[in-house]
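One-letter residues, chain by chain:
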Amino acid sequence: KAGVTQTPRYLIKTRGQQVTLSCSPISGHRSVSWYQQTPGQGLQFLFEYFSETQRNKGNFPGRFSGRQFSNSRSEMNVSTLELGDSALYLCASSLVGTGANTEAFFGQGTRLTVV
Amino acid sequence: DAKTTQPTSMDCAEGRAANLPCNHSTISGNEYVYWYRQIHSQGPQYIIHGLKNNETNEMASLIITEDRKSSTLILPHATLRDTAVYYCIVRATSNDYKLSFGAGTTVTVRA
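Residues numbered from 1 in each chain as written. Chains lettered and ligands numbered in written order. Predicted model: local features only at pLDDT ≥ 70, side-chain atom pairs only at ≥ 80, totals over all residues. Heavy atoms only, no water.

> What exactly am I supposed to notice about the sheet that holds strand β8 (residues 74-78) of chain A here?
For sheets, the rule is that strands pair by backbone hydrogen bonds, running either parallel or antiparallel. Residue and element names in this part refer to chain A. Taken together, the four strands give an open sheet; going across it, the order is β1-β3-β8-β7, and neighbouring strands pair in antiparallel fashion. Whereas interior strands pair on both sides, the edge strands pair on one side only; in this sheet they are β1 (5-7) and β7 (64-68). The average angle at which neighbouring strand axes cross in this sheet is 20 degrees, direction not considered. Direction of pairing for β7 relative to β8: antiparallel, over a ladder of five bridges. Each residue of the ladder has a partner; that of Gln 68, found in β8, is Ser 74. (Pairing = 2+ DSSP bridges. Helix = DSSP H or I, 4+ residues; strand = E, 2+ residues; numbered from the N terminus. Axes fitted to C-alpha atoms, helices over the stretch in contact; angles between N-to-C directions.)

Okay, here's the thing in structure tokens:
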């Protein structure tokens, strides 16, 4: 079956602009999480959605937001882009999204460069 | 979630077993140990997870000590394609789905 699909794979934006990234989870998976990866901070959790509701949020400013649709697809938006937002943004989906005995499957990520 | 400690890097010869240690001395009784790896510029890949019993799948084996304060991921026959950063993560059993990644261990498999 198809894996987690993230689009676009690469993106270049200018400071001050906004950007929307998309994630299609594995069919049947209802939980979608987003992560930011930078060389300095490593992999950091942004937020998690389950059944269209944000259940958990990491320590990021309000410029970072997301949403999930009824088909479990998710988008994340970053407004007023800063140079420091340049990163690999990763999406992960899981089957049920609850409990510890559930593995997450990651997409290939979207590489965002802010210039 | 419990904090984990892993060596920064390690080398392994191709065809030999790679043993990756992880210390999680503050782990709680109902927390699972997860292993993921990330090959350069790709998304992390799930490897294996366990609670207290040793686990094995087609990719690796996970050995958890009896006191659960440490674990070892074993790649039985390392190949060049196993070169990656390996993350050991401990997850709580709450509804919090967050994975807390540390710096991981950079494993280099050499021919």
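> Sorry, what's going on with the environment of A:Gly42 here?
All names here are of chain A. As for its position among the elements, Gly 42 is in strand β5 (residues 42-50). Here the alpha-carbon distance between Gly 42 and Met 76, two residues 34 residues apart in the chain, equals 19 Å. If we skip the residues at most four places from it in the chain, Gly 42 touches Gln 36 and Gln 37. (Contact = heavy atoms within 4.5 Å.)

> Mind showing me how you'd approach the nonpolar core here?
Soluble globular proteins tend to pack their nonpolar side chains together in the buried interior. Counting residues in hydrophobic clusters, the biggest one holds 22 residues, and the most contacted among them are B:Leu20, B:Trp35, B:Ile47, B:Leu73 and B:Tyr86. Counting residues per element, this core draws most heavily on strand β8 (residues 84-91) of chain B, which supplies four residues. Counting residues in hydrophobic clusters, the runner-up holds 21 residues, among them A:Leu11, A:Trp34, A:Leu81 and A:Tyr89. (Core = buried A, V, L, I, M, F, W, Y, C linked by side-chain atoms within 4.5 Å. Buried < 20%, exposed > 50% of the residue type's maximum accessible area, 1.4 Å probe, protein only.)

Read these as spatial facts, not as claims about activity.
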